[in-house]
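# Structure assessment
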Amino acid sequence: MRFSIVNLGCKVNRVESDDVAAALISAGGSLARTSEADLVVVNTCTVTGEADKKARKAVRQALRANPSSTVVVTGCAAAIDAAAFTALDPRVRVVPKGALQQTLAPHAAPVALRVGEGFRTRVSVKIQDGCDHACTFCIVHVARGKATSRPFSEVRDEVAAYARAGAREVVLTGINLGSYRSEGRHLPDLLEALLADGEALPGGGPRLRVSSIEPQQVDRRLIELLARAEGRVCRHLHVPLQSGSTRVLGEMERTYTAPWFEHLIGRLRAEVPGIALSTDVIAGFPGETDDDFRETCRVVERLGFGRLHVFPYSKRAGTPAAMRVDQVPDEVKRSRAAELRLLSDELTQRDYDRRVGTRELALVEDGVAVTESYHEIPVPAGARRGDLVEVVMPPRGDARARMQA
Ligand code: SF4
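Cut-offs and rules
- Residues numbered from 1 in each chain as written.
- Predicted model: local features only at pLDDT ≥ 70, side-chain atom pairs only at ≥ 80, totals over all residues.
- Heavy atoms only, no water.
- Near = heavy atom within 4 Å.
- Nonpolar A, V, L, I, M, F, W, Y, C, P; charged D, E, K, R; others polar.
- Domains from an automatic or database assignment.
- Contact = heavy atoms within 4.5 Å.
- Buried area = accessible area lost by both parts, 1.4 Å probe.
- Salt bridge = Lys/Arg side-chain N within 4 Å of Asp/Glu carboxyl O.
- Polar contact = N/O pair within 3.5 Å; in protein donor to acceptor, adjacent residues only side chain to side chain.
- Helix = DSSP H or I, 4+ residues; strand = E, 2+ residues; numbered from the N terminus.
- Disulfide = S-S within 2.5 Å.
- Buried < 20%, exposed > 50% of the residue type's maximum accessible area, 1.4 Å probe, protein only.
- Core = buried A, V, L, I, M, F, W, Y, C linked by side-chain atoms within 4.5 Å.
- Expected span 1.5 Å × (residues − 1).
- Axes fitted to C-alpha atoms, helices over the stretch in contact; angles between N-to-C directions.
- Parallel < 35°, antiparallel > 145°, perpendicular 65-115°, else oblique.

### Focus on the site of the ligand
- Surveying the vicinity of the ligand reveals the residues Cys131, His133, Ala134, Cys135, Phe137, Cys138, His141, Ile175, Glu214 and Arg254.
- A per-class count over the shell around the ligand returns 6 nonpolar, 2 polar and 2 charged.

### Topic: the domain arrangement of the chain
- By domain assignment, the chain separates into domain 1 (2–104), domain 2 (120–234), domain 3 (240–355) and domain 4 (359–404).
- The gap between the C-alpha centroids of domain 1 and domain 2 is 26 Å.
- Domain 1 puts 12 residues into the contact, and the matching count from domain 2 is 13 residues.
- Note on domain 1 versus domain 2: buried area summed over both sides is about 970 Å², and carbon and sulfur give 71% of it.
- For the interface between domain 1 and domain 2, the tally reads 2 salt bridges.
- For Arg144, the salt bridge identified is with Glu16, shortest N-O distance 2.6 Å.
- Linking domain 1 with domain 2 are 3 residue pairs in polar contact (both at pLDDT 80 or more).
- Going through the elements one at a time, α1 (11–26) and α3 (76–80) are the ones with two or more residues in the side of domain 1 that touches domain 2.
- With 6 residues, α1 is the single largest residue contributor to the side of domain 1 that touches domain 2.
- Among the residues making up the side of domain 1 that touches domain 2, the classes are represented as 6 nonpolar, 2 polar and 4 charged.

### Section: the state of the cysteines
- Scanning the model with the defined rule gives 0 disulfides in all.
- Unpaired in terms of disulfides, Cys234 finds its nearest cysteine sulfur in Cys10, a separation of 20 Å.
- The buried category is assigned to Cys234, whose relative accessible area is 1%.

### What to know about the nonpolar core
- Judged by nonpolar contacts, the single largest core of 66 residues is most densely connected at Ile127, Leu172, Leu187, Leu191, Leu237, Leu268 and Leu340.
- Residue assignment places this core across two domains, with domain 2 (120–234) and domain 3 (240–355) each supplying three or more.
- Those residues in contact with Ile127 that lie beyond four places of it in its chain are Ser149, Arg150, Val155, Leu172, Thr173, Leu177, Tyr180, Leu187 and Leu190.
- Core analysis: the second largest hydrophobic core is formed by 16 residues, Ala37, Ala58, Ala84 and Val92 among them.

### What to know about helix α13 (residues 330–355)
- The terminal C-alpha atoms of α13, which comprises 26 residues, lie 37 Å apart, in line with the 38 Å expected from a rise of 1.5 Å per residue.
- What α13 keeps buried is the set Lys333, Arg336, Ala337, Leu340, Leu343, Ser344, Leu347, Thr348, Asp351, Tyr352 and Arg355.
- One or two positions beyond α13, positive phi appears at Gly357, with a value near 90°.

### Quick notes on the packing of helix α12 (residues 290–302) against α13
- The contact between α12 and α13 brings their axes to 11 Å, and the two run at 10°. Judged by the angle between their axes, α12 and α13 are roughly parallel. Listed contacts from α13 to Asp290, Phe293, Arg294, Cys297, Val300 and Glu301 of α12 are Arg336, Glu339, Leu340, Leu343, Leu347 and Arg350.

What follows is the structure, encoded as structure tokens:
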């Protein structure tokens, strides 16, 4: 059976799509172009209205590309509104994420590894799903349901298997990663165990990276671990701020204030020297004034983030924020988002410039090396894909010229 996977959305979706691909291959399937596939899986996202549109467009394109294929639609957009997809064509089947592997590849090996030809030396492992919070703008916790975590030993086995198969960096991902709980153990316990497991593995095991983590979950133990792991756990965190205005944060039900967040970032910088930080920001949440927006710009600049992921606020049906009457006009949202993206570019450059001449471990991927602080630099001379090499951060001009060469 020839199959094709169209992945949309976040890192967790990427992992889930790769897992389905691995399961289908292990059950005898082979990857093909969408136009030649018997089965096309579209893994959708619904984080914004734009994401919904892209999901429907991807399904229509898959239907057009091959008039005889079956198109399976899964993911968050399908969980929220399955009929929007089944109405497109009788060949469309909506399958919930949890039932995907059982439906498509019931006879696949239990742990189908994604490392190998065609996969990266940096591999993501999903350890958690869902979220028990209810931020007023968010539809993801509705689509994904309550927080669940994978068993501790299962994650350890999977990471060890990836390490043996050659992965040099493992990125732990989840929808609300910091809420990880398994038999009373939390994310720092898991990281400690993975570090200990790594000591018995070739090369000391893969280095670990924590993907996006909610600020309330960055606790003393995680900070101490980042400080003493000597880069085996990357000194890089993506901590979503969403707004620099305490009033707006309250209306988002974010359960922290802007000064509390600033204090947290101050602690991270003081206790984990050289840590790289990035964040998410929403532009134009309902009721956001010019002053609120300016405050957000000031806060992200003051905190020295290395990168901002900027989302213009998008109304998601069924969420409290979508029902508010004080929606910010689209053109204001667009211009605030554009301003924040410009600021993000500047912050990335400043973060890079601060690191020039310092030493970091970089993972060599295809044509690029990714540093612990998540900057891309040219592949050091003589290094090969999959090498973890110590580099002196080159000046930005040199790095750009060598990457373009
Ligand atoms: S923490 Fe908030 S934004 Fe993140 S998934 Fe949960 S409800 Fe959504």
